[in-house]
Amino acid sequence: MKKAEATRRTILEKAFDLIYMQGYQATSIDEIIATTKVTKGAFFYHFKNKEEMGLAVIKEIMYEGMYKNMTQSIADSKNPLKDIYNLFKELLLLNPYMQVKYGCPANNFMQEMAPLNDAFNIAFINMVTEWHNMIEQCIKRGKALGQIRKDVNPKQVAYFVMSGYGGIRILGKVYNSTDCYVTYLKELKSYLNSLQ
């Protein structure tokens, strides 16, 4: 990776960390610069303003991480119900980056900025649609394999499990405890088993 590319990546990763911990609006360019130890000139070489940097965080850090963590693990699943459950278990209990006290980085960022910035909202829609489509396709594959009942609606299942995940991450953040995650996962397993 070239030095300029490495600098850009460092800025985005540090900005993502700050946004995750304190929110987009509370994170200043000066704070990002101080955290990354780059010059103001280097920041503005890569991004014309904070919004452009924020969009890059969504597209290059969050989407890339979501695609790898949330979609690739179920993309070619041979056991869709088990793999969907394991995906959510991984995200809630086994992912070393996500901290219960901060909630879900994507969820936080979407709740904060989707109603305030159309460009951000479009980027969030693209990211969430990708996740939804991958879960929906996974359920369709399970139906084709005879592992899921024919009457199950894949789109509804995808919305349901995604919204449950988003909600339980908020509750975990409020309680600052993973206890509710464990309860959610038990109920998720029961729900997924009912689709057989």
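Basis of the calculations
Residues numbered from 1 in each chain as written. Predicted model: local features only at pLDDT ≥ 70, side-chain atom pairs only at ≥ 80, totals over all residues. Heavy atoms only, no water. Patch = residues over 30% accessible without salt bridge, like charges linked within 9 Å, V, L, I, M, F, W, Y side chains within 5 Å. Areas by Shrake-Rupley, 256 points an atom, 1.4 Å probe, with all protein chains shown as cover. Salt bridge = Lys/Arg side-chain N within 4 Å of Asp/Glu carboxyl O. Helix = DSSP H or I, 4+ residues; strand = E, 2+ residues; numbered from the N terminus. Buried < 20%, exposed > 50% of the residue type's maximum accessible area, 1.4 Å probe, protein only. Axes fitted to C-alpha atoms, helices over the stretch in contact; angles between N-to-C directions. Parallel < 35°, antiparallel > 145°, perpendicular 65-115°, else oblique. Left-handed = near helix turned anticlockwise from the far one by under 90°. Contact = heavy atoms within 4.5 Å. Nonpolar A, V, L, I, M, F, W, Y, C, P; charged D, E, K, R; others polar. Phe/Tyr/Trp six-rings, centres within 6.5 Å; stacked < 30°, edge-to-face > 60°. Expected span 1.5 Å × (residues − 1). Polar contact = N/O pair within 3.5 Å; in protein donor to acceptor, adjacent residues only side chain to side chain.

### Overview of a nonpolar patch on the surface
Thinking step 1. A cluster of nonpolar side chains, I170, L171, V174 and Y175, forms an exposed patch at the surface whose accessible area comes to about 400 Å².
Thinking step 2. Along the chain, the position of I170 falls in helix α8 (residues 154-175).
Thinking step 3. The class of I170 is partly exposed, set by a relative accessible area of 36%.

### Let's talk about the packing of helix α7 (residues 118-144) against α8
Geometrically, a packed helix pair is captured by the angle between its two axes and the distance between the axes.
Thinking step 1. It is at 8 Å that the axes of α7 and α8 come closest, and there the two elements cross at 130°. The pairing of α7 with α8 is recorded here as oblique in orientation. Pair α7 / α8 crosses with right-handed handedness. Between α7 and α8, the contacting residues are V128, W131, H132, I135, E136, I139, K140 and K143 on the first element and P154, K155, V157, A158, Y159, V161, M162 and Y165 on the second.
Thinking step 2. Tallied by class, the residues present in the contact of α7 with α8 amount to eleven nonpolar, one polar and four charged.

### Concerning the pattern of salt bridges
Thinking step 1. Throughout the structure, instances matching the rule amount to six salt bridges.
Thinking step 2. Its salt-bridge partner being K140, residue E136 comes within 3.6 Å of it at the nearest N-O pair. Of this pair, E136 and K140 both sit in helix α7, four residues apart, roughly one helical turn.
Thinking step 3. One salt bridge connects R149 with D151, and the closest N-O pair in it is separated by 2.8 Å.
Thinking step 4. Taking the relative accessible area as the measure of exposure, D151 reaches 58% and is therefore exposed.
Thinking step 5. Among the charged side chains, a network of salt bridges with common partners joins R9, E13 and E64.

### Here's the deal with the packing of aromatic side chains
Thinking step 1. Counted by the stated rule, this structure contains 15 aromatic pairs.
Thinking step 2. Between F120 and F124, the ring centres sit 6.4 Å apart and the planes meet at 80°, which makes this aromatic pair edge-to-face. With F120 and F124 both in helix α7 and four residues apart, the pair spans about one turn of that helix. Accessibility classification places F120 together with F124 in one group, the buried group.
Thinking step 3. Of the aromatic side chains, those joined through ring pairs into one cluster are F16, Y20, Y97 and Y102.

### Some remarks on α7
Thinking step 1. Between its terminal C-alpha atoms α7 stretches 38 Å, which fits the 39 Å expected from 27 residues at 1.5 Å a residue.
Thinking step 2. Between the side-chain oxygen at the start of α7 and the backbone nitrogen of A119 there is a gap of 3.0 Å, and the oxygen is on N117.
Thinking step 3. Immediately downstream of α7, the backbone of G146 shows phi near 80°, a positive value.

### Re the side chain of H46
Thinking step 1. Examined against the element boundaries, H46 turns out to sit in helix α3 (residues 40-46).
Thinking step 2. A polar side-chain atom of H46 sits 3.5 Å from the main-chain carbonyl oxygen of A4.
Thinking step 3. Once residues lying within four places of it in the same chain are set aside, the contact partners of H46 are A4, T7, R8, I11 and E52.

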